[in-house]
Amino acid sequence: MATTTRVPADRDLAVDPGGSTIDDLELSTPHARRGRAARRVVMALFGAFVALGLLGVLGVRSGTVRDSADGVELSVTYPRITRPGLASPFRMEIRSDAPLPETVEVSVTQDYLAIYDENGLDPDPAEATSDGEMLTWSVNPTPGATRLVLVFDARIEPAVQWRRSGEVRVAGEALPALRVEFTSTVLP
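Bear in mind that the values here come from a model prediction, so they are computed numbers and not experimental data. (Residues numbered from 1 in each chain as written. Predicted model: local features only at pLDDT ≥ 70, side-chain atom pairs only at ≥ 80, totals over all residues. Heavy atoms only, no water.)

## Description of unusual backbone geometry
Outside of glycine, negative phi angles account for most residues, and trans bonds account for most peptide bonds.
Phase 1 of the analysis: A cis amide bond links D122 with the next residue in sequence, P123, at an omega value of 0°.
Phase 2 of the analysis: As for its placement among the helices and strands, P123 is situated in the loop between β5 (116–122) and β6 (127–130).
Phase 3 of the analysis: The backbone of D70 shows a phi angle near 50°, a positive value even though the residue is not glycine.
Phase 4 of the analysis: Its location among the elements puts D70 in the loop between β1 (61–69) and β2 (72–82).
Phase 5 of the analysis: Residue classification places D70 among the exposed positions, given a relative accessible area of 73%.
Phase 6 of the analysis: Look at A174: it is not a glycine, yet its phi comes out positive at around 65°.
Phase 7 of the analysis: Mapped onto the elements of the fold, A174 is located in the loop between β9 (163–172) and β10 (178–186). (Helix = DSSP H or I, 4+ residues; strand = E, 2+ residues; numbered from the N terminus. Buried < 20%, exposed > 50% of the residue type's maximum accessible area, 1.4 Å probe, protein only.)

## Some points on the pairing of β1
Phase 1 of the analysis: Bridging between β1 and β2 involves nine bridges; their strand directions are antiparallel. Note that in β2 the partner of D67 across the bridge is L74.
Phase 2 of the analysis: In textbook terms, the turn of a hairpin is the stretch between consecutive antiparallel strands, and for β1 and β2 this stretch comprises two residues, one of which, D70, has a positive phi near 50°. (Pairing = 2+ DSSP bridges.)

## Focus on the pattern of salt bridges
Phase 1 of the analysis: For the coordinates displayed, the defined rule picks out nine salt bridges.
Phase 2 of the analysis: Among the salt bridges present, the one from R95 reaches E93, with a minimum N-O distance of 2.7 Å.
Phase 3 of the analysis: Of the residues examined, R95 reaches a relative accessible area of 42% and is grouped as partly exposed.
Phase 4 of the analysis: Judged by relative accessible area, which is 8%, E93 ranks as buried.
Phase 5 of the analysis: The closest approach of N and O atoms between D111 and R164, which form a salt bridge, is 3.2 Å. Here R164 lies in strand β9 and D111 lies in helix α2 (residues 110–113), a separation of 53 residues in the sequence.
Phase 6 of the analysis: Assessed through its relative accessible area of 46%, D111 is described here as partly exposed.
Phase 7 of the analysis: Connected via shared salt-bridge partners are R91, E93, R95 and R147. (Salt bridge = Lys/Arg side-chain N within 4 Å of Asp/Glu carboxyl O.)

The structure is reproduced here in structure tokens:
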């Protein structure tokens, strides 16, 4: 048989099922408004961040710099803005009105190349040398070619987050000295 306990009539144990468990004194109206406003700001910032990501604004933005002289042009495409871990373009192109020499030397700032996790360089250079500041690739273009394209297949190192300036120089027999400078910004 079940037993029933009687509660004295002077004690009200009724609970408002739709009410708060916080005392009315603890949660004032201004406090509630501030909390609600803070949550709305955080959600708006989160929504803006997601929208920027969906629109591709937070991805890689490339830039191109050029130098030319005597019918020869150097064009370098680099990551102007990028993020760690992303594949980022680094492409060097030499165009000439006349056939390129047997060997073309392309030098790149070694400190700049340190931001990359390299997968390879295409085409493979015949020789690579370094003077501690510049890494120089000696490339043998196809005989009679008027265009040479070097593609540095790489992604940005995961721990890199800063601005890095670089420089590319081109030299070779009967080629004018060409040089371009650029800066990449790596966002978190």
